There are 2 protein chains.
Amino acid sequence: MQFNQYLNETCSKQNSLVCVGLDVDLEKIPGFLKKKKDAQVNFSKAIIDATAEYAAAFKINTAFFEAYGEDGWRAMREIVNYIPDNIVKIADAKRGDIGNTSKMYAKAFFEELSFDAITVNPYLGHDAVKPFLSKKDKGIFVLCHTSNAGAEDFQKFTGNNQKLFELVAKKVDSWNEKNNCGLVVGATFPKEMKHVRGLVPKLPFLVPGLGAQGGDFDLAVKYATDNRRSGAIFNFSRNIIYASSGADFAGKAADQAKKMRDEINNRINI
Amino acid sequence: MQFNQYLNETCSKQNSLVCVGLDVDLEKIPGFLKKKKDAQVNFSKAIIDATAEYAAAFKINTAFFEAYGEDGWRAMREIVNYIPDNIVKIADAKRGDIGNTSKMYAKAFFEELSFDAITVNPYLGHDAVKPFLSKKDKGIFVLCHTSNAGAEDFQKFTGNNQKLFELVAKKVDSWNEKNNCGLVVGATFPKEMKHVRGLVPKLPFLVPGLGAQGGDFDLAVKYATDNRRSGAIFNFSRNIIYASSGADFAGKAADQAKKMRDEINNRINI
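Residues numbered from 1 in each chain as written. Chains lettered and ligands numbered in written order. Predicted model: local features only at pLDDT ≥ 70, side-chain atom pairs only at ≥ 80, totals over all residues. Heavy atoms only, no water.

1. A word on the packing of helix H3 (residues 39-51) of chain B against helix H13 (residues 249-265) of chain B
All names here are of chain B.
For step 1, the next point in the chain: At a minimum axis distance of 8 Å, the contact between H3 and H13 shows a crossing angle of 40°. In terms of orientation, H3 lies oblique with respect to H13. Remark: the crossing between H3 and H13 carries right-handed chirality. Contacts between H3 and H13 involve Phe-43, Ala-46, Ile-47, Ala-50 and Thr-51 from the former and Phe-249, Ala-250, Ala-253, Ala-254 and Ala-257 from the latter.
For step 2, the next point in the chain: Tallied by class, residues from the contact of H3 with H13 come to nine nonpolar, one polar and no charged. (Axes fitted to C-alpha atoms, helices over the stretch in contact; angles between N-to-C directions. Helix = DSSP H or I, 4+ residues; strand = E, 2+ residues; numbered from the N terminus. Parallel < 35°, antiparallel > 145°, perpendicular 65-115°, else oblique. Left-handed = near helix turned anticlockwise from the far one by under 90°. Contact = heavy atoms within 4.5 Å. Nonpolar A, V, L, I, M, F, W, Y, C, P; charged D, E, K, R; others polar.)

Here it is as C-alpha cells:
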C-alpha cells in the first residue's frame, strides 16, 4: 500500500490524528525507572502500551538514542519493534546527504530498523531525497517550515515572489509520484501553514509545535487538515510522555494523549 | 585551543590538506576482509595506518555505519578511537534539529563519541546550530554549497541580490564567535566556491568533490585556500579507500593519499 494511503487509513481506524513523540531523555524520566538497566526501553514500552489506543503514529527522535551510543541504538530497535503493527512508525532523524549516502540512511531506517517513514532535510536537493522514495510503502516527511525560531533564518528567504519553504513544498509535491511524500510544517507559524496547505492540497503534514512549544490548536487543525479527518498528524512529545514524573507516568500520559486526540477531533467540523 | 586554530596547526604539522573519508561500504571492501567479523573496523584500521602520514583529517560518514545498526555504531566508536590523536576527527553526520534535539546530537558525537568536529545542516537556522558551538575546541562544518547535482534545487535560490548559499555563508560567519565554524563547499562548483571564499575569508572549508565526483584541482585549490597552506581541507573517499580491491588495498590507499596531498601542495604557490 502507498505510504500516504496507509497513513490516512491508520488515522481513520484509530480515529486519531495524534503522533506520540518518543524524545526519551534519561534526565527527564521518572527517577525510579532511570536507575534501572534498559531505562529508555522500559519507559518507552510503558508509554506505548498506555497511549497506543489514542495514537495514529509514534515518532522516535533518533538524537535521544544516539546520545547513548550503541546501547541507545539497541534501545531504539527494541522500541520500534514494540510499536503495534497497526500504528505508523516514524524515525525523526532529519537525514539527507548525496545519493550514495542517503541510500545508506534509507537502508539504516527502512531495512535494518523497521520504520515506515523518516523525516528528511531538503537542503541538498532532489538526489539527496530520492533514495528514500524507492519503495511506495515507505514514506518521508520533508522539512518545509519548522516550528523553531531559527525557521526565520533561511526558510523565509524570499526570491521570485516566493519563499524558500514554499519552493520546498512545491518541489516535494513534484517528487510525490509514489504517493509517499509529506511535509513537516510547524504549528507555531499558522499563517505559513495555511499558505503551504493552499500550495499542496494533497501532501500529508507532520505538525510539531502544538505541545510544549505552544502552537494554537484552532488554527493548526483548521489549516493542516482542511477540515478532513486526515491530511495531517500532530506531534506531542514532552507534554504527553513527561505528563507526570511519578509512578503514574503512564496513566497520565494516556490521559494526556486522549485529551490531545479529543482537542483535535473536536475541532474538525465534519 | 579553538577548533579552527587546531585544524590549521594540524594541516601545517602534517604538511597536508587531505581529509580521508571513511565511507566504509561492506559491498566495496576487499573480498577476503568482508567475510570476517569486524570487517568495517579491520578495513578502516588498515586504511588509517596506511594513510595517516599523509592526512590532516579523517572523516567518518555516519550513514555507512548506521546502516549496520548497533554493530555499525560500535564499529564507528572503535574507528574514531583508533585515529591518531594528532589528526582531526570529523563526523560527517549532517545533523541539525531544534535546540533540545541538537543538544543531544552534540552529546552523541562530541561526548559519547570523541569527534573533534561534525558536519551540520543549516535549514533549521541558528538555534539548531548553536548547541554544537558551546565548546571552542569542538568545531562544525555547515553545509553551504554541496557537491551534488541537487545543490541547484535550493542552495541557488535567489532573493535580494544574493543566493541562499551566500546567506548561509554570511550567517555562519556571524556565528563564529569561538573560531570553531567552517563551511562545506563542493569542488564541483568552482565559481560558487570562489564567491564564498570572497564573502568569508576566515572560515575554513571542508571540500568534497575532488575525487570520484570529478572536481577540478586547479580551481578548487586556488579558490578554497587563497594560496595559503591552510583554510581548507579536501576530502577524498572512494578514490583512496577503494584504490585497490586486492590484498594491496592499504598500500594503494597510501599511494593515492600521498598523491592527492602532493597534487594539492604543488598547486599552492607560496
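2. Considering the interface of chain A and chain B
For step 1, the next point in the chain: Contacts between the two partners involve 60 residues from chain A, matched on the other side by 60 residues from chain B.
For step 2, the next point in the chain: Between chain A and chain B, roughly 5300 Å² of surface is buried when both sides are summed, and carbon and sulfur atoms account for 58% of that area.
For step 3, the next point in the chain: When the shortest N-O distance is used, the salt bridge between Lys-94 of chain B and Asp-97 of chain A registers 2.8 Å.
For step 4, the next point in the chain: At the boundary of chain A with chain B, the tally comes to 31 residue pairs in polar contact (both at pLDDT 80 or more).
For step 5, the next point in the chain: Taken together, the residues of the side of chain A that touches chain B sort by class into 25 nonpolar, 19 polar and 16 charged. (Buried area = accessible area lost by both parts, 1.4 Å probe. Salt bridge = Lys/Arg side-chain N within 4 Å of Asp/Glu carboxyl O. Polar contact = N/O pair within 3.5 Å; in protein donor to acceptor, adjacent residues only side chain to side chain.)

3. Considerations on the sheet that holds strand S8 (residues 181-185) of chain A
As a general point, the strands of a sheet are linked pairwise by backbone hydrogen bonds and lie either parallel or antiparallel.
Residue and element names in this part refer to chain A.
For step 1, the next point in the chain: Strand order around the closed barrel formed by eight strands is S1-S2-S3-S4-S5-S8-S9-S10, with parallel pairing between neighbours. Sheet twist, expressed as the mean angle between neighbouring strand axes with direction ignored, is 30°.
For step 2, the next point in the chain: Across five bridges, strand S5 (residues 139-145) lies against S8 in parallel orientation. Residue pairing in the sheet places Ile-140 in a bridge with Cys-181 of S8.
For step 3, the next point in the chain: Against the sheet, helix H6 (residues 99-112) engages strand S3 (88-95), strand S4 (117-120) and S5, with an angle of about 155° to S3. (Pairing = 2+ DSSP bridges.)

4. Comments concerning the packing of helix H5 (residues 69-82) of chain A against helix H5 (residues 69-82) of chain B
For step 1, the next point in the chain: Contact geometry for H5 of chain A and H5 of chain B: axes closest at 8 Å, N-to-C directions at 170°. By the angle between their directions, the pair H5 of chain A and H5 of chain B is classed as roughly antiparallel. In this structure, H5 of chain A contributes Gly-69, Glu-70, Trp-73, Arg-74 and Arg-77 of chain A to the contact, and H5 of chain B contributes Gly-69, Glu-70, Trp-73, Arg-74 and Arg-77 of chain B.
For step 2, the next point in the chain: Here the residues of the contact of H5 of chain A with H5 of chain B sort into two nonpolar, two polar and six charged.

5. Side note on the side chain of Ser-237 of chain A
For step 1, the next point in the chain: Of note, Ser-237 of chain A is situated in the loop between strand S10 (232-236) and helix H12 (238-241).
For step 2, the next point in the chain: When residues no more than four places from it in sequence are discounted, the contact partners of Ser-237 of chain A are Gly-21 and Asp-23 of chain A.

6. So, the pattern of salt bridges
For step 1, the next point in the chain: Counted by the stated rule, this structure contains 38 salt bridges over all chains.
For step 2, the next point in the chain: Across the pair Glu-78 of chain A and Lys-45 of chain A runs a salt bridge, and its minimum N-O distance is 3.6 Å. Of the two residues, Glu-78 of chain A is situated in helix H5 and Lys-45 of chain A in helix H3 (residues 39-51); the sequence distance between them amounts to 33 residues.
For step 3, the next point in the chain: Of the residues examined, Glu-78 of chain A reaches a relative accessible area of 33% and is grouped as partly exposed.
For step 4, the next point in the chain: Residue Lys-156 of chain B pairs with Glu-192 of chain B through a salt bridge whose shortest N-O separation is 3.0 Å. Highlighted residues: Lys-156 of chain B in the loop between helix H8 (151-154) and strand S6 (158-159) and Glu-192 of chain B in helix H10 (residues 190-199), separated in sequence by 36 residues.
For step 5, the next point in the chain: Look at Glu-192 of chain B and you get buried, because its relative accessible area is 11%. (Buried < 20%, exposed > 50% of the residue type's maximum accessible area, 1.4 Å probe, protein only.)

7. Let's talk about the confidence of the model for chain A
Low pLDDT marks regions whose predicted coordinates should not be analysed in detail.
For step 1, the next point in the chain: When the pLDDT values of chain A are averaged, the result is 96; 100% of them are 70 or greater.
For step 2, the next point in the chain: Among the prediction metrics, the complex's ipTM stands at 0.97, with pTM recorded as 0.97. (pLDDT = per-residue confidence, 0-100.)

8. Focus: the relation of the copies chain A and chain B
For step 1, the next point in the chain: With an RMSD of 0.0 Å, the operation that places chain A on chain B is a rotation of 180° combined with a shift of 0.0 Å along the axis. The symmetry that links the two subunits is that of a two-fold axis. Taking C-alpha positions as the reference, the residue of chain A nearest the rotation axis is Gly-159 of chain A, at 1.9 Å.
For step 2, the next point in the chain: Here 100% of the interface residues in chain A have copies in chain B that are interface residues too; the copies meet face to matching face. (Least-squares fit on C-alpha atoms with pLDDT ≥ 70 in both.)

9. Details of the pairing of strand S1 (residues 18-22) of chain B
Residues and elements named next belong to chain B.
For step 1, the next point in the chain: For S1, a buried count of five out of five residues is recorded, marking the element as mostly surrounded by other parts of the structure.
For step 2, the next point in the chain: Residues Val-18, Val-20 and Leu-22 point to one face of S1 and Cys-19 and Gly-21 to the other, with burial holding for every one of them.
For step 3, the next point in the chain: Note that S1 and strand S10 (residues 232-236) share three bridges and pair parallel. Its bridge partner being in S10, Cys-19 is matched across the sheet by Asn-235.
For step 4, the next point in the chain: Bridge analysis of S1 against strand S2 (residues 57-61) gives four bridges, and the strand direction is parallel. Across the sheet, Cys-19 pairs through a bridge with Ala-57, a residue of S2.

10. Quick look at unusual backbone geometry
All names here are of chain B.
For step 1, the next point in the chain: Of note, Asn-15 is a non-glycine position whose phi angle comes to about 50°, a positive value.
For step 2, the next point in the chain: Mapped onto the elements, Asn-15 comes out in the loop between helix H1 (3-14) and S1.
For step 3, the next point in the chain: Here Asn-15 falls in the partly exposed class, since its relative accessible area comes to 39%.
For step 4, the next point in the chain: Positive phi, close to 45°, is recorded for Lys-94, a residue that is not glycine.
For step 5, the next point in the chain: Considering the arrangement of structural elements, one finds Lys-94 in strand S3 (residues 88-95).
For step 6, the next point in the chain: Accessibility expressed as a relative area gives 8% for Lys-94, which makes it buried.

11. Thoughts on the layout of surface pockets
All names here are of chain B.
For step 1, the next point in the chain: Approximately 300 Å³ is the volume attributed to the largest pocket.
For step 2, the next point in the chain: Taken together, 17 residues form the lining of the largest pocket, with Lys-103, Met-104, Ala-106, Lys-107 and Glu-111 sitting closest to its centre.
For step 3, the next point in the chain: The dominant element in the lining of the largest pocket, judged by the number of residues it contributes, is helix H6 (residues 99-112), at seven residues.
For step 4, the next point in the chain: Taken together, the residues that form the lining of the largest pocket break down as seven nonpolar, two polar and eight charged. (1 Å grid on protein atoms, 1.4 Å probe; cavity = no way out; pocket = protein on both sides within 12 Å on 5 of 7 lines; lining within 4 Å. Points joined across faces, edges and corners; volume = space filled by probe spheres on them.)

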